[in-house]
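Examining the three-dimensional arrangement
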Amino acid sequence: MTKARKLRELMARPGPIVIIGAHNGLSARIGEEAGFDGLWASGFEISASYAVPDANILTMAENLQVAKMMNAASSLPIVADCDNGYGNAINVIRCVEEYEAAGIAAICIEDNIFPKRCSFYAGVKRELSDVEEHAAKVRAAKATQRDRDFMVIARTEALIAGWGMEEALHRGRAYADAGADMVLIHSKSKDPDEVLTFAKLWDRPQTPLVCVPTIYRTTKVETLHQAGFKLIIMANHAIRSSIKAMTETLQTLRKEAYTGSVDDKVVPLERVYELVGVDKMKKEESAFLPAGSPGVTAVILAAGQSQGLLPLTENLPKPMLDIKGKTILERQVEVLNACGVKDIAVVRGYKKEAITLPNIRYYDNEDFASSSELVSMFHAAKEMKGPFLFLYGDILFERAHLEKMLKSPADISLLVDRAWSETYAQSKTADPKWEKRGAPDLVLLKDPQESGYRFLGADQPHQVAKVGRGVDPSGAHGEFVGMAMFSQKGARALTDVYGQLRETRTSGAFHEADSLRNASFTDLVQELIDRNIDVQAVDAYKGWLEIDTFEDYRRAWALLKE
Ligand code: SPV
Ligand code: MG
């Protein structure tokens with residue numbers, strides 16, 4: 001529905017239409033939030049926001065630009081104050097063409113000469129244009145509009161100029177007869193009698209009346225409406241309140257010389273984010289930008305010593321094993337970089353001196369031999385303040401998996417291979433790998449949806465109920481691939497829970513481990529789940545390798561390119 005249609009519908013509704021003056025996108029949005037029916041693109045406010053008098057100093061293009069900004073920031077119809085139409089009837093024609101094309105619902109033109117003076121400035125030269133000239137402007141405006149719903153409000157300044165009630169009525173009637181959709185009677189009287197009398201004497205009932213109760217400030221909307229006013233404009237309070245707030249805040253800041261001195265005078269930053277739509281932008285980022293926003297850090301675990309690949313790993317940590325000219329870690333870094341993740345941290349331990357790739361931040365767990373992967377992981381706690389991707393140092397994976405993880409809308413996501421039931425069926429007959437080297441980390445989902453042959457991964461992640469080696473392989477819905485993604489909120493939950501556990505859980509078993517110190521990453525994830533913190537699975541279907549045995553290593557050589 002067009003904004004002009006919206007305003008027409010408000011006109012058809014019983015009761016008053018109350019609109020609020022604004023001067024930019026932000027004040028428009030705050031006006032809408034406050035519940036007003038529409039917005040007034042106020043010449044007074046817009047001029048003030050440029051720090052110039054309201055006296056036709058700004059051009060039509062400058063005023064239009066602001067009206068457009070307001071229109072874009074709000075779903076409310078805009079009534080644009082177009083002063084005197086910026087010239088004669090020819091200027092009015094262009095004014096209507098431009099404002100209508102911009103989606104503005106209505107314009108208001110007043111019978112001040114060009115250049116005008118604000119109705120309230122005392123001691124300035126004030127002249128009105130000839131009544132016929134202004135009526136012709138109204139006719140020109142109505143003849144120009146293309147959309148029947150677009151409205152032209154004609155305003156008379158006869159009372160402001162001190163030309164009396166008769167002249168005001170004469171002018172109002174002439175403009176109504178010229179086709180104005182509404183007539184605005186302006187007054188600078190302290191009490192509302194002038195406008196109430198005008199309304200009483202108004203004899204063009206098909207042309208509704210408009211008023212601007214700026215100086216007669218104590219009259220309520222209801223009284224004005226009952227007197228016959230349909231549209232009531234609260235014209236300049238957005239800018240006046242901001243001037244008061246800004247003055248107080250800035251003066252206090254200057255005097256007190258620390259920013260916290262105005263905490264009670266300013267909104268929190270989050271309120272600004274809310275008003276400007278940062279949440280919407282985040283959703284659009286994840287929908288339309290390539291995966292791997294620059295804010296994501298990768299934390300790669302490369303501390304442990306591998307038994308399964310001895311003697312290959314006698315002098316080498318597993319991530320440094322070469323597969324056709326590139327190490328596992330190099331291959332990981334390559335995919336991460338290709339997905340836009342340039343911030344990479346590696347936790348080293350066993351044979352740490354062998355890991356020397358450039359452009360990586362290193363954290364060393366000297367005590368790797370007697371501590372678990374969780375302890376190693378938290379050596380890089382500094383990297384977990386914002387969104388981060390956690391990665392085992394011995395996995396190779398398709399880029400698509402990483403892209404999906406980086407786009408996951410969940411706060412905590414695990415990459416889960418849903419081909420598990422096939423892997424399990426094959427392993428049972430051939431070579432049950434979990435019997436050889438311990439069970440893999442398996443996953444039980446709350447709502448598994450489909451799995452198995454002709455698997456179609458879900459677009460949205462689904463909730464994890466259980467993760468760990470203890471999950472029954474015959475009932476598991478997938479295998480944890482060794483990649484987890486945390487949003488800033490997810491990272492905070494993870495680090496908070498681990499911090500609490502380190503303080504409180506000094507002895508006793510911890511999930512599948514005999515102690516917190518010996519716990520694995522999946523034990524901590526299970527703890528989060530048990531504390532009702534949402535952990536989601538992102539579906540993968542094959543497309544990855546864990547290099548844990550000679551068999552894995554041989555397969556990697558066979559599969560990977562030089
Ligand atoms: C404006 O807001 O620019 C108006 C209303 O024209 S008033 O300032 O009251 O004249
Ligand atoms: Mg004005």
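Residues numbered from 1 in each chain as written. Chains lettered and ligands numbered in written order. Predicted model: local features only at pLDDT ≥ 70, side-chain atom pairs only at ≥ 80, totals over all residues. Heavy atoms only, no water.

What follows concerns the overall build of the protein chain. Regarding its fold elements, the protein chain presents 20 helices and 21 strands. In summary, the protein chain has a C-alpha radius of gyration of 35 Å against a globular reference of 24 Å for 562 residues, an excess of more than 25%. Projected onto the principal axes, the alpha-carbon positions of the protein chain cover approximately 105 × 60 × 40 Å. Taken over 562 residues, the protein chain has a buried fraction of 51%. Accessible area for the protein chain stands at about 26,500 Å²; split by element, carbon and sulfur atoms hold 53% of it. (Helix = DSSP H or I, 4+ residues; strand = E, 2+ residues; numbered from the N terminus. Rg over C-alpha atoms; globule rule 2.2 N^0.38 Å. Buried < 20%, exposed > 50% of the residue type's maximum accessible area, 1.4 Å probe, protein only. Areas by Shrake-Rupley, 256 points an atom, 1.4 Å probe, with all protein chains shown as cover.)

Bringing the sheet that holds strand S7 (residues 209-211) into the picture now. Read once around its circumference, the closed barrel built from eight strands follows the order S1-S2-S3-S4-S5-S6-S7-S8, with strand pairing classed as parallel. Across the sheet, the axes of successive neighbouring strands diverge by a mean angle of 25°, strand direction being ignored. For strand S6 (residues 182-185) and S7, the ladder comprises two bridges, and the chain directions are parallel. Across the sheet, residue Val183 finds its bridge partner in S7, namely Leu209. (Pairing = 2+ DSSP bridges. Axes fitted to C-alpha atoms, helices over the stretch in contact; angles between N-to-C directions.)

A few words on the site of ligand 1. Close to ligand 1 lie 13 residues, the nearest being Trp40, Ser42, Phe44, Asp81 and Arg155. The contact in question runs from an oxygen atom of ligand 1 to an N or O atom on the side chain of Trp40, over 2.9 Å. Between an oxygen atom of ligand 1 and a main-chain N or O atom of Phe44, the distance comes to 2.7 Å. For ligand 1, whose accessible area on its own is 280 Å², the fraction buried by protein is 100%. (Near = heavy atom within 4 Å. Polar contact = N/O pair within 3.5 Å; in protein donor to acceptor, adjacent residues only side chain to side chain.)

Here the focus is unusual backbone geometry. Note: most residues except glycine have negative phi, and most peptide bonds are trans. The amide bond that connects Phe114 to the next residue, Pro115, takes the cis arrangement and shows omega of -5°. Along the chain, Pro115 falls in the loop between strand S4 (106-110) and helix H6 (131-144). One non-glycine residue, Asp83, adopts positive backbone phi at about 45°. Inspection of the secondary structure puts Asp83 in the loop between strand S3 (78-81) and helix H5 (89-101). In this structure, His511 is a non-glycine residue whose phi angle is positive, near 50°. Its place among the elements puts His511 in the loop between helix H18 (488-504) and helix H19 (521-530).

Moving on to a nonpolar patch on the surface. On the surface, a cluster of nonpolar side chains totalling about 600 Å² of accessible area is made up of Leu26, Ile30, Val267, Leu269, Val272, Tyr273 and Val276. Counting residues per element, the nonpolar patch draws most heavily on helix H11 (residues 269-276), at four residues. (Patch = residues over 30% accessible without salt bridge, like charges linked within 9 Å, V, L, I, M, F, W, Y side chains within 5 Å. Salt bridge = Lys/Arg side-chain N within 4 Å of Asp/Glu carboxyl O.)

Okay, the domain arrangement of the protein chain next. Domain boundaries assigned for the protein chain yield domain 1 (3-237), domain 2 (244-280) and domain 3 (284-559). With four residues of domain 1 in contact, the opposing surface of domain 2 contributes five residues. Summed over both partners, the interface of domain 1 with domain 2 buries about 340 Å², with 53% contributed by carbon and sulfur atoms. It is Leu26, Arg29 and Glu33 that lose the most area in domain 1 upon contact with domain 2, and together they represent 84% of the buried surface on that side. Here domain 1 is connected to domain 2 by one salt bridge. We note a salt bridge from Arg271 to Glu33, for which the minimum N-O separation is 2.7 Å. (Domains from an automatic or database assignment. Contact = heavy atoms within 4.5 Å. Buried area = accessible area lost by both parts, 1.4 Å probe.)

The next subject is the nonpolar core. Within the largest apolar cluster, 71 residues are counted, with the highest numbers of intra-cluster contacts made by Met377, Phe390, Leu414 and Phe521. No other element matches the six residues that strand S19 (residues 478-486) contributes to this core. Excluding residues that lie within four positions of it along the chain, Phe521 makes contacts with Glu373, Leu374, Met377, Phe390, Tyr392, Leu414, Phe480, Ala484 and Phe486. Judged by nonpolar contacts, the second largest core, of 36 residues, contains Ala22, Leu64, Val138 and Ala174. (Core = buried A, V, L, I, M, F, W, Y, C linked by side-chain atoms within 4.5 Å.)

The residue Arg146 is located in the loop between H6 and strand S5 (151-156) in this model. Note: C-alpha distance between Arg146 and Met377 (231 residues apart in sequence) is 66 Å.

Below, the discussion takes up the packing of helix H2 (residues 25-33) against helix H4 (residues 60-73). Contact geometry for H2 and H4: axes closest at 8 Å, N-to-C directions at 40°. Regarding the angle of H2 to H4, the classification is oblique. Handedness of the crossing formed by H2 with H4: right-handed. Between H2 and H4, the contacting residues are Gly25, Ala28, Arg29 and Glu32 on the first element and Met69, Met70, Ala72 and Ala73 on the second. (Parallel < 35°, antiparallel > 145°, perpendicular 65-115°, else oblique. Left-handed = near helix turned anticlockwise from the far one by under 90°.)

Here helix H7 (residues 164-177) contains 14 residues, and its C-alpha end-to-end distance of 20 Å stays within 8% of the 20 Å for a straight helix at 1.5 Å per residue. Those residues of H7 lying buried are Met165, Ala168, Leu169, Arg171, Gly172, Ala174, Tyr175 and Ala176. On its buried side, H7 packs onto H6, S5, S6 and helix H8 (193-201). Where H7 ends, the next residue or the one after it, Gly179, has phi of about 110°, a positive value. (Expected span 1.5 Å × (residues − 1).)

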